[in-house]
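A look at the structure
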Amino acid sequence: MQQLGLSPFEIWAMWGVLGVAILGLLYALLLRNQILAEDMGTPKMQEVWGAIRDGADAYLQRQLRSILPLIALLTVAMYLSVTIVPPTPEAIERFEGIPLAQVSNIIGIGRAVGFVLGATFSLAVGQIGMRMAVQGNVRVASAARYSFGEALRIAYRTGTITGMLTDGLGLLGGTVIFIYFGIAAPDALLGFGFGGTLLALFMRVGGGIYTKAADVGADLVGKVENDIPEDDPRNPAVIADLVGDNVGDCAGMAADIFESYEVTIVAGLILGVALYHITGHVEWIIYPLIVRGIGVLSSIFGTYAVKAGKEGNAANAMSAIFSGFLSSAAISVVLFFAAAYYYLNVLSTDGLPGGWWRTPLAVGIGVLLAILIDRMTEYFTGTHQSPVQDIKKAANTGPATLILQGVSVGYESSVWATVVIAATIFSSIVIFGGISADPVESITYILYGVAMTGIGMLTLTGNNVAMDSFGPIADNANGIGEMSWGNKKDKETLKAKQIMADLDAVGNTTKAITKGVAIGSAVIAAVSLFGSYLVDVSRAQAALGIPLAQQIQSIGIRVDVPQVFVGMLIGGALPWLFSSFAIQAVSRAAALIVEEARRQFKKGVLTGKVKPDYRQAVNISTTAAQKELVPLAVLAVVTPILLGLLLGVEALGGALAGIILSGQLLAVFMNNAGGAWDNAKKLIEDEPKDPKKNLGKGSERHKASVVGDTVGDPMKDTAGPALNPMIKVVNLVAVIIAPVVVQITNFGIGEWIAAVVMVGLLVWSIRTSKRTTPVVAAK
């Protein structure tokens, strides 16, 4: 950090941020000890919990074996991505006096180590968080027998463990890299961000395929074909379904938000370094790290605002969780402005260009964006809101009208989410647009504002991850209760079942909300990375002696250039192809689950002649998920490399723009349509059962809602969420390869070999993802 000329306050601030990261991890440890001390319920509840735990452990071990070879290969690629191009001016400045070849080696090792560190932290967040969710679910089910408030507290604080891991490890890794590399930190942080993003893609895709294959298979054979309740212990796929909730929504989402957390700080520091060179102010680099430290503290305080009484319902739970979120938001915004006033104004000798207030205002708008997306998603997917009520009414006329109503809800929600994000980006234009008269500098200021908005949006990562993990914890607790309590009708059991049903419904909404935040943050992060891409390409062009007027930051990404337009079309199509393959993967795996469940039903599982073999469905889902995730990851990594090699950096920039717009619209549509169908089904299931009036479980309306929910499941829990890390993987790969692509002036034998290898990998990915679905005989 010496090269930046940091003041004593700034040095202490960096060590303070590091201390806050450690504090977040210690708080996670404290919560873990509190949760493990809670009662685990009856022996039957522990038996069901044990089956879920064993299935989750088997999946995590198998996934680790599947992805390690690719991680090893890409670690080498990270090293080479630096050493085959000249070192950046920042790297030369940081390691002044060292030969250039050695500087390249140091930065290359730093990026490779950063990649491994990011991947390891992302994996740790997902795996530890999921294991704690599994520990928490049986304790929530036990607490539901006595108190609504206790069940809510245990579920939310178990989720907070994952949130604090995300906060603490993300802040720890980024701060340590910055402390060592100083002004050259963005070079190493690219590896850190890419490692986290790639692991998130693996965990999102693998977890999504696992959970929805099991869920779809269990619902189709259990509810639709055999008219048995959800989580009926006779269903051979029920344990796989409960395990899937954890691997998809705990491990997958935690890793997803972790990488968004990292990517926004990477983009912010790259743009902050660019502004440091323009203005000479190091504050552009230091303040984002201070903001992240404030966010960790705010999330800890907000945890204690989530509480309810002994009696309660879904509305009370949702209100308590949102109160915790708002408490953290209010604390953080006040501290953002206080820190900015003191650091950017009082301590600053000549002040930041444009005034101290602009940067914290952009961060505050990011917090506001998170709240708006929270409320908007709750409107389109919440059980008490008109969109879900309208879908419920559409069930009166069958599955076709119910599906059409859900599709319309998804389409509309996608438009309004895009408008809100567009308004947020426009706010950065208003805040930062007038600082510099130079067009290139002005764009850099604006893109820095967008990055700060993303940092602000993910300030409350601890709260967001806690809300998301709350969903599968409540869902699993409900399943454990259903399988343990059976058909008991005593007052205590009925009360416990209602508590769990209420928390489960709230969990569906919180999952949808956090997916909405994750999608929004993915777009903001991608726009920030787009700005980083322009900066890095221009820097590489300057190193080659290309005049400023001809650099990409000066001429921009012009869609009237045919190659750029071609890139934009291909980029816009990629999320659709990726989503198609993800849903096909679920269909293939679900077909195998259906076949296995039918086989066991024929042997007499329903009548009690034989016991269900849960391990078979768990093994099928685990194996299928690992087979499917690598080709999809290859598709995301290879496509930008091939576009850059064949069409150049301008066309690759066009592709990034296409991916951001198309991916945002598609992801929000799938997330909200699927969430709305799911909650409409739960509303019908909560009705008093009366076949004559077509009410409640087992009615024709219920069967129609199950069909809608089954259609929406792979959309909201597989393809939609997986688009978040996919968008950022493509953007990060583009930023990493941009300096390499700029160096290519003549397409020689080496470039042709690289292009042929990339084409071969792309063809393999597509052929593997399109293989035929197994033929399952009609019932």
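Up top is the structure.
This report concerns the structure included in the present document. (Residues numbered from 1 in each chain as written. Predicted model: local features only at pLDDT ≥ 70, side-chain atom pairs only at ≥ 80, totals over all residues. Heavy atoms only, no water.)

**Considerations on the overall build of the protein chain**
A count of helical and extended segments in the protein chain gives 21 helices and 0 strands. Relative to the globule expectation of 28 Å for 779 residues, the C-alpha radius of gyration of the protein chain, 26 Å, shows essentially globular dimensions. Taking contacts inside the protein chain between residues at least 6 apart in sequence as the whole, the part at least 24 apart equals 86%. A total of about 26,300 Å² of accessible surface is found on the protein chain, and carbon and sulfur atoms cover 65% of it. Side chains of the protein chain carry 55 positive and 58 negative charges; the gap between the two charge centres is 9 Å. (Helix = DSSP H or I, 4+ residues; strand = E, 2+ residues; numbered from the N terminus. Rg over C-alpha atoms; globule rule 2.2 N^0.38 Å. Contact = heavy atoms within 4.5 Å. Areas by Shrake-Rupley, 256 points an atom, 1.4 Å probe, with all protein chains shown as cover. Lys, Arg positive; Asp, Glu negative; His and termini not counted. Charge placed at Lys NZ, Arg CZ, Asp CG, Glu CD.)

**Observations concerning the nonpolar core**
Ranked by size, the top nonpolar core spans 247 residues in total, and within it Val 140, Phe 194, Tyr 287, Phe 470, Leu 503, Tyr 533 and Phe 578 carry the most contacts. Of all the elements, helix α7 (residues 238–279) adds the most residues to this core, at 25 residues. Among all residues touching Leu 503, those that are not within four sequence positions of it are Val 140, Phe 148, Ala 151, Leu 152, Ala 317, Phe 470 and Ala 474. If you look at the next biggest cluster of nonpolar residues, it comprises 6 residues, including Val 221, Val 594, Ala 597 and Phe 601. (Core = buried A, V, L, I, M, F, W, Y, C linked by side-chain atoms within 4.5 Å. Buried < 20%, exposed > 50% of the residue type's maximum accessible area, 1.4 Å probe, protein only.)

**Quick word on the pattern of salt bridges**
In this structure the tally under the stated criterion is 24 salt bridges. When the shortest N-O distance is used, the salt bridge between Arg 153 and Glu 38 registers 2.7 Å. Taken together, the residues Arg 153 in helix α5 (residues 148–181) and Glu 38 in the loop between α1 (8–36) and α2 (43–83) connect sequence positions 115 residues apart. Taking relative accessible area as the criterion, Arg 153 reaches 18% and is therefore assigned buried. With relative accessibility at 23%, the residue Glu 38 sits in the partly exposed group. (Salt bridge = Lys/Arg side-chain N within 4 Å of Asp/Glu carboxyl O.)

**Quick look at helix α21 (residues 749–769)**
Spanning 21 residues, α21 covers 30 Å between terminal C-alpha atoms, matching the ideal 30 Å at 1.5 Å per step. For α21, every residue scored as buried is listed here: Ala 755, Met 758, Leu 762, Ser 765, Thr 768 and Ser 769. Within α21, the buried residues cover an arc of 165 degrees as seen down the axis, which keeps them to one side. Exposed residues on α21 whose side chains face more than 90 degrees from its buried face are Ile 749, Ile 753, Val 756 and Arg 767. Here the buried face of α21 lies against α17 (562–602) and α18 (614–647). (Expected span 1.5 Å × (residues − 1). Arc of directions from axis to C-beta.)

**Brief notes about the packing of α5 against α7**
Each pair of packed helices can be summarised by the angle the axes make with each other and by the distance between the axes. Packing of α5 against α7 brings their axes to within 10 Å, and their N-to-C directions diverge by 30 degrees. Judged by the sense of rotation from one axis to the other, the crossing of α5 with α7 is right-handed. Across the interface between the two elements, Thr 162, Thr 166, Asp 167, Leu 169, Gly 170, Leu 171 and Gly 174 from α5 touch Ala 254, Ile 257, Phe 258, Tyr 261 and Glu 262 from α7. (Axes fitted to C-alpha atoms, helices over the stretch in contact; angles between N-to-C directions. Left-handed = near helix turned anticlockwise from the far one by under 90°.)

**Points about the packing of aromatic side chains**
Scanning the entire structure with this criterion turns up 17 aromatic pairs. Between Tyr 180 and Phe 181, the ring centres sit 4.8 Å apart and the planes meet at 85 degrees, which makes this aromatic pair edge-to-face. Judged by relative accessible area, which is 47%, Tyr 180 ranks as partly exposed. Consider the rings of Tyr 379 and Phe 380, whose centres lie 5.0 Å apart with planes at 75 degrees: the pair is edge-to-face. The class for Tyr 379 is partly exposed, based on a relative accessible area of 35%. Residue classification places Phe 380 among the buried residues on the basis of a relative accessible area of 4%. An aromatic cluster is present here, built from Trp 284, Phe 432, Tyr 445 and Tyr 448 joined pairwise through their rings. (Phe/Tyr/Trp six-rings, centres within 6.5 Å; stacked < 30°, edge-to-face > 60°.)

**Comments concerning the environment of Val 605**
Along the chain, the position of Val 605 falls in the loop between α17 and α18. A relative accessible area of 2% places Val 605 in the buried class. Other than its neighbours up to four places away in sequence, Val 605 contacts Arg 234, Gln 600, Val 610, Lys 611 and Pro 612.

**With respect to a nonpolar patch on the surface**
A cluster of nonpolar residues, Phe 9, Tyr 341, Tyr 342, Val 346 and Leu 347, forms a patch on the protein surface that exposes about 440 Å² of accessible area. The element best represented in the nonpolar patch is helix α9 (residues 314–346), accounting for 3 residues. The topology assignment puts Tyr 341 in helix α9. By relative accessible area, which is 43% here, Tyr 341 ends up partly exposed. (Patch = residues over 30% accessible without salt bridge, like charges linked within 9 Å, V, L, I, M, F, W, Y side chains within 5 Å.)

**Side note on α1**
Here α1 contains 29 residues, and its C-alpha end-to-end distance of 42 Å stays within 8% of the 42 Å for a straight helix at 1.5 Å per residue. By the burial criterion, the buried members of α1 are Glu 10, Ala 13, Met 14, Val 17, Leu 18, Val 20, Ala 21, Gly 24, Tyr 27, Ala 28, Leu 31 and Ile 35.

**Re the environment of Asp 256**
Looking at the element boundaries, Asp 256 is found in helix α7. Placed 468 residues apart in sequence, Asp 256 and Asn 724 show a C-alpha to C-alpha distance of 7.4 Å. Contact partners of Asp 256, with chain neighbours within four places excluded, come to Ala 200, Arg 204, Ala 518, Pro 721, Asn 724, Pro 725 and Lys 728.

**A word on the packing of α17 against helix α20 (residues 700–743)**
Contact pair α17 / α20: the axes reach a minimum separation of 9 Å and the direction vectors enclose 140 degrees. Between α17 and α20, the crossing angle belongs to the class labelled oblique. By crossing handedness, the relation of α17 to α20 is classed as right-handed. Contacts between α17 and α20 involve Leu 574, Pro 575, Phe 578, Ser 579, Ala 582, Ile 583 and Val 586 on the former and, on the latter, Pro 714, Met 715, Thr 718, Ala 719, Ala 722, Leu 723, Met 726 and Val 730. Classifying every residue of the contact of α17 with α20 by side-chain character gives 13 nonpolar, 2 polar and no charged. (Parallel < 35°, antiparallel > 145°, perpendicular 65-115°, else oblique. Nonpolar A, V, L, I, M, F, W, Y, C, P; charged D, E, K, R; others polar.)

**Observations regarding the side chain of Asp 374**
Relative to the helices and strands, Asp 374 resides in helix α10 (residues 358–381). Leave out the neighbours within four places in its chain, and Asp 374 touches Phe 322, Phe 325, Met 467 and Ile 513.

**Observations regarding the environment of Arg 358**
With respect to the element layout, Arg 358 can be found in helix α10. Placed 216 residues apart in sequence, Arg 358 and Ser 142 show a C-alpha to C-alpha distance of 50 Å. Here Arg 358 is in contact with Ile 431, Phe 432 and Ile 435, once residues within four sequence places are set aside.

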